[in-house]
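# Chains, contacts and geometry: an overview
Residue strings, one per chain:
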Amino acid sequence: MKFLPDLIRHSSQIHLSTRIALVASTLTVLFVLIIGSTSFFLTRAQINQGIQSSLDNHAALLANRLSTVLSSVYTTLSDLRQNALILNSLMDRMTRDTTLEPFLADFSTVNGIPVKITLTDFEGVAVAGSRSLATLDFDWKHAVLEQARSVVSLEEHDDVVYLVIAEPVFYVGTQSPEGALIHQLDLSQLFSLFNDLDEPQPVTLLHQGEVVELQPGSLLAREQVGKMLTRIQPLALPDLFSQLQLSIEISESLELANQPLRRLTLVYLLLGGGLLAGVVLLSILAAGHLARPLRELEEVAAEVVASGSFEHRFEGGGFFEVTRLGKTFNQMLESLGAAHSQLTLMANQDVLTGLSNRLVFNNNLQRDLNDLHRTRDILAVLLLDLDKFKNINDTLGHPVGDELLKQVAARLHRLVRGTDTVARLGGDEFALIGTHLHDTNDAAVLAQKIIASLGEPYRIAGQDIYVSASVGVAIYPGETDDAGQLLVHADMALYKAKQERRGNYQFFDPELNRKAQQRKQVEEDIRKALLESEFRLYYQPKIDLENNRVVGVEALIRWQGKHGMIYPDSFIPVAEESRLIIPLGEWIMREACRQKLAWQGTSFADLRIAINLSVVQLGHDDNVERLLKIIKTSGVDPGGLEIEITETVLMEHLEEIAARLAAFRELGVSLAIDDIGTGYSSLSNLKRLAVDVLKIDRSFVSDMDVDSDNAAITRAIIQLGRSLELGV
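Remember, it's a predicted structure, so these values are computed and weren't measured experimentally.

### Remarks on a nonpolar patch on the surface
Judged by side-chain polarity, Val23, Leu27, Val29, Leu30, Phe31, Leu33, Ile34, Ile35 and Leu275 come together as a nonpolar surface patch covering roughly 820 Å² of accessible area. Looking at which element gives the most residues to the nonpolar patch, the answer is helix α2 (residues 16-81), with eight residues. Relative to the elements of secondary structure, Val23 occurs in helix α2.

So this is what it looks like as structure tokens:
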């Protein structure tokens, strides 16, 4: 349920309305910015394009007007040069003084442009008009009086720009100039030509691409205007003026475009602000409407967390998404409730049989012990398992084994009272708590009923299956009042029951505990002995009675402990129970192979070494593989080794170990059956296992000279071995 507190905590960090308002505001601002920016740039481009078009039109108009004016000036001045008065004045001083001077004095403007005129003789000396013109700085005399060419130039005097034209004057029929006519036009008056424009713009005259300052301070004012849009239009002039390369530049400040853009920006800001305010308001209202069912959902989640119950449900709705979220939330609660119930059941109940599990058993045992502290009743703990249950799984399969466990659980459940507890602890191990017993006989009766009930046949998969049970019983009050220790005592009693004979029950007594502690100490000593190499191998000779020769040896293990020699009967059973026989057996195999190699080249080289194997060693393929690997890597001839296994062990685990014994035979190791006659070997089994040697149990041999039955059994075994061509 950890996700529920997380849901509540995160939902309270930022209100939903605030989130929606922030998102909506951000989107609105982005929208206004995108639309406003697009409109701004498009409008600016359109305005600039309009200004450019206007400048183009005005530049063409002004250039045409100025070209017309200058062309007209040129025509007027050219006509003046051909005037007879001018020619006569060169020859007659009186004509100059009485007629030409007044004429030139009245000739002050040409097409509205102020003009000064002077007439010079062939040496360039002024004879009429504004005589100062003849002394101008620009070099005109050589070109006009000597080369008979007209010259034109722009000259600046006293911060005023003038157009100066000097032309030769000829007599009729002559080619050498008799004088020159000089005109000086004040170009500052050209600005008057543009006063009638509807929208006058700054106009600049360009001479060979350079700006001509027609009025003082015009260049400074032009530089102060700032960024401007400009257009340059060349003037269409007569040939004489064309050498000046005059053009006009008309300009317009960018401020003309910025003013409407500022107004447009202000309009967009006002519209965007209004739109943003409206969107935020609507977002807050919508979020508040949406947040109401979500708060209800949050309250339901908080109730689930507070109560730990999954029975709460969300009943709100409104928006389709919220309704769908609520349905999903309710389905999640239903699933969690079902999962919680299932987990609770699994935590307290065995899944296969439906009985209580180990946890419930331990809790009930502690509870019952606490209750018994106030009464004088007796409590019994009965621990049982099924004898040879593993064989059923191996031969009939796990489904049959599972069904058997279910039927066993059902029978046990029918045997107990309502105050008792029956549980499956694991595998084929079951436990019962018998409460309110009067004496130990009641516990014995219950154990007998269990053994009898479980001993009845089970009908599974169309066949009858028989199985027995062994029971260990521990009584309270007794040696301990601890629940865990009481279960340990029952386990010790069960171990004793399985040792005595299967299908019986045993009560715990202190001697069992003492023996268990002793077994535990022996187990620890075996581990230590393996580390400290305290084990030794002794080799008992096998003698052929016919020729009295040693034909082989049997490897016998001894434990050279701190307190003397310890024989196998004292530690081998413990080693098998604790599975320490596996590393111990590997050490025996390794040591025997080492000794076999050491005997090579001696009189003992042909002796076969017999090594006893436990059923525990043959219980798993991995164990057998390790033993086979020891033989293969040792370098000994496998034919010089023999493994021994008792007849009883062989018959009890025939199906399980037959294939593993065959692996030794395939390698070349001989197989001997020890203690023959104590089990139930059949000829088919001996043939199936490819046995090489039969070893008669000593109980038949030791007193056969006085016991005719033992002698008969011994002769029969010898005869059997000879008939099968086996060593005996």
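### A look at the pairing of strand β4 (residues 151-157)
Across the seven residues of β4, five count as buried, placing the element largely inside the fold. Summarising the sheet, β4 and strand β5 (residues 160-169) pair through seven bridges and their orientation is antiparallel. Each bridged residue has a counterpart across the sheet, and for Glu156 the counterpart in β5 is Val161.

### Brief notes about helix α14 (residues 483-500)
A rise of 1.5 Å per residue sets the reference length of α14, with its 18 residues, at 26 Å; its end C-alpha atoms lie 26 Å apart and thus fit the reference within 8%. When we look at burial in α14, the residues that qualify are Ala483, Leu486, Leu487, His489, Ala490, Met492, Ala493, Leu494, Lys496 and Ala497. For α14, the side-chain oxygen to backbone nitrogen distance between the N-cap and Gly484 is 3.2 Å, and the N-cap itself is Asp482.

### Section: unusual backbone geometry
Of the consecutive residues Tyr476 and Pro477, the connecting peptide bond is found in the cis state with omega at 0 degrees. Within the secondary structure layout, Pro477 lies in the loop between β16 (469-476) and α14. Its identity as a non-glycine residue notwithstanding, Ser533 has a phi of 55 degrees, on the positive side. Structurally, the position occupied by Ser533 is in the loop between α15 (510-532) and β18 (535-544). Phi at Asn548 takes a positive value of approximately 60 degrees, unusual for a residue other than glycine. On the basis of relative accessibility, which here comes to 61%, the residue Asn548 falls in the exposed class.

### A few points about the side chain of Gln506
Along the chain, Gln506 turns up in strand β17 (residues 505-507). In terms of polar contacts, Gln506 uses its side chain to reach the side chain of Asn504, at 3.0 Å. Apart from the residues lying within four places of it in its own chain, the contact partners of Gln506 are Val471, Gly472, Val473, Ala493, Lys496, Ala497 and Glu500.

### Quick notes on helix α11 (residues 389-396)
If you check which residues of α11 are buried, you get Phe389, Ile392 and Asn393. The buried residues of α11 occupy one face: seen down the axis, they fall within an arc of 95 degrees. Where α11 is buried, its residues touch β11 (378-386), α12 (398-415) and β15 (463-465). Positioned one or two residues after α11, Gly397 has a phi angle of 100 degrees, which is positive.

### Examining the packing of aromatic side chains
Scanning all chains against the criterion turns up seven aromatic pairs. Residues Phe535 and Trp587 carry aromatic rings whose centres are separated by 6.4 Å and whose planes lie at 50 degrees to one another, so their mutual orientation is tilted. Pair noted here: Phe535 is in strand β18 and Trp587 is in helix α17 (residues 581-598), with a separation of 52 residues, a long-range link. The residue whose ring lies beneath Arg411 is Tyr458, and the NZ or CZ to ring-centre distance is 3.6 Å.

### Observations regarding the confidence of the model for the chain
Residues at a pLDDT of 70 or more form 80% of the chain, whose mean pLDDT is 79. Averaged over each element, pLDDT in the chain is lowest for helix α1 (residues 3-11) (46) and highest for α17 (93). Within the model, pLDDT remains below 50 along residues 1-14, and this stretch shows 19 contacts once partners closer than five positions in the same chain are excluded.

Rules used throughout
Residues numbered from 1 in each chain as written. Predicted model: local features only at pLDDT ≥ 70, side-chain atom pairs only at ≥ 80, totals over all residues. Heavy atoms only, no water. Patch = residues over 30% accessible without salt bridge, like charges linked within 9 Å, V, L, I, M, F, W, Y side chains within 5 Å. Areas by Shrake-Rupley, 256 points an atom, 1.4 Å probe, with all protein chains shown as cover. Salt bridge = Lys/Arg side-chain N within 4 Å of Asp/Glu carboxyl O. Helix = DSSP H or I, 4+ residues; strand = E, 2+ residues; numbered from the N terminus. Buried < 20%, exposed > 50% of the residue type's maximum accessible area, 1.4 Å probe, protein only. Pairing = 2+ DSSP bridges. Expected span 1.5 Å × (residues − 1). Polar contact = N/O pair within 3.5 Å; in protein donor to acceptor, adjacent residues only side chain to side chain. Contact = heavy atoms within 4.5 Å. Arc of directions from axis to C-beta. Phe/Tyr/Trp six-rings, centres within 6.5 Å; stacked < 30°, edge-to-face > 60°. Lys NZ or Arg CZ within 6 Å of the ring centre and 35° of its normal. pLDDT = per-residue confidence, 0-100.

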